[in-house]
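A structural walkthrough
Single-letter residue listing:
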Amino acid sequence: MPADFSVACARPLLVARFPAPRRMLGWAINRPGFCLADRVAWLEVRDADLPEGCDPVAILEARLAEAGVAGAVGLLTARDVRKFHVARADVGGVAAMCLATVGLSNAGRVGATRTDWHPPKAGTINVLASVSVALTEAAFLEALSIVTEARTAAVMELGLSRPEGRVTGTGTDCIVLAAPPDGGAEPYAGLHTAVGEALGRAVHAAVAAGAGVWRKEQSATVMAALGLS
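A short tour of the structure in this document, coming up. (Residues numbered from 1 in each chain as written. Predicted model: local features only at pLDDT ≥ 70, side-chain atom pairs only at ≥ 80, totals over all residues. Heavy atoms only, no water.)

Quick look at helix H2 (residues 137-157)
In this model, H2 (21 residues) spans 31 Å end to end at C-alpha, consistent with the 30 Å of a helix rising 1.5 Å per residue. Immediately downstream of H2, the backbone of Gly 159 shows phi near 80°, a positive value. (Helix = DSSP H or I, 4+ residues; strand = E, 2+ residues; numbered from the N terminus. Expected span 1.5 Å × (residues − 1).)

Here it is, written out as structure tokens:
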């Protein structure tokens, strides 16, 4: 089964559609953990769309239903959804594909989160990674760690720093990993496997491209206001 998915973008929605349902694992707010779905949808929002005290899950679900994609795994982003990046990698008969949107206004360093810090606007990294082979539950977890590692490597290579140290991600990053629901499940997905290598290449390429574009868009004044250098 291929890793490929089709991508459709009509602001404020970005939708990745698989030709058949996939087993997915991630921490999307509307369908966290393991689930079966054939679509992952990004919803572009502004602060006014999520007023204090609102239920973001209810708002997301309502907007997805209105758009005809009810049941999709949903991701929220302040990034212009037209600025998405797709990358693919093939290793040893395993294909991996990644769709990412990257904003770093909410950037921080792991282990040094300041809960009292409020950026001028939200910014996050949302990643959908797909692999062409079925995975055991253990391999799913291992593969998710590879996706996270690749995303973090791409962010760190951008070279942004905060007073706490080198930026490693944002406080609101979200990852969803998809694989076929059945077949000969791979038991391992680490760095030394075809699954891990393919996922690592695809995710790193997509996130690095998105991070580079975001950085080029920012003025020195904006970067200073965000506390980034």
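Some remarks on the nonpolar core
With 44 residues, the main nonpolar core has Leu 104, Val 127, Leu 135, Leu 177 and Leu 199 as its most contacted residues. Mapped onto this core, the elements with two or more residues apiece are strand E5 (84-91), strand E6 (94-102), strand E8 (125-131), H2, strand E12 (174-179) and helix H3 (194-217). With sequence-adjacent residues up to four places away left out, Leu 199 is seen in contact with Ala 96, Ala 129, Ser 130, Val 131, Ala 143, Ile 146, Val 147 and Leu 177. Counting 19 residues, the second-largest nonpolar core is a separate cluster that includes Ala 16, Met 24, Ala 28 and Val 40. (Core = buried A, V, L, I, M, F, W, Y, C linked by side-chain atoms within 4.5 Å. Buried < 20%, exposed > 50% of the residue type's maximum accessible area, 1.4 Å probe, protein only. Contact = heavy atoms within 4.5 Å.)

A few points about the packing of H2 against H3
Contact geometry of H2 with H3 gives a least axis separation of 8 Å together with a crossing angle of 35°. Crossing of H2 against H3: the hand is right-handed. Between H2 and H3, the residues in contact are Ala 143, Ile 146, Val 147, Ala 150, Arg 151, Ala 153, Ala 154, Val 155 and Glu 157 and Gly 196, Leu 199, Gly 200, Val 203, His 204, Val 207 and Ala 208, respectively. Classifying every residue of the contact of H2 with H3 gives eleven nonpolar, three polar and two charged. (Axes fitted to C-alpha atoms, helices over the stretch in contact; angles between N-to-C directions. Left-handed = near helix turned anticlockwise from the far one by under 90°. Nonpolar A, V, L, I, M, F, W, Y, C, P; charged D, E, K, R; others polar.)

A closer look at unusual backbone geometry
Along the chain, Arg 11 connects to Pro 12 via a cis peptide bond; the corresponding omega equals 20°. Considering the arrangement of structural elements, one finds Pro 12 in the loop between strand E1 (6-10) and strand E2 (13-26).

Notes on the pattern of salt bridges
One pass over the full model with this rule turns up 13 salt bridges. Taking the shortest distance from any N to any O, the salt bridge between Asp 80 and Arg 82 comes out at 2.7 Å. In the salt-bridge network here, residues are joined through shared partners; they are Arg 11, Glu 44, Arg 46, Asp 80 and Arg 82. (Salt bridge = Lys/Arg side-chain N within 4 Å of Asp/Glu carboxyl O.)

Considering helix H1 (residues 56-66)
Where H1 starts, the residue carrying a side-chain oxygen 3.1 Å from the main-chain nitrogen of Val 57 turns out to be Asp 55. Phi turns positive one or two residues past the end of H1, at Gly 68, with a value near 80°. (Polar contact = N/O pair within 3.5 Å; in protein donor to acceptor, adjacent residues only side chain to side chain.)

Re the environment of Ala 8
Examined against the element boundaries, Ala 8 turns out to sit in strand E1. Judged by relative accessible area, which is 46%, Ala 8 ranks as partly exposed. C-alpha of Ala 8 to C-alpha of Leu 135: the two residues are 127 residues apart in sequence and 27 Å apart in space. If we skip the residues at most four places from it in the chain, Ala 8 touches Leu 13, Leu 14 and Val 15.

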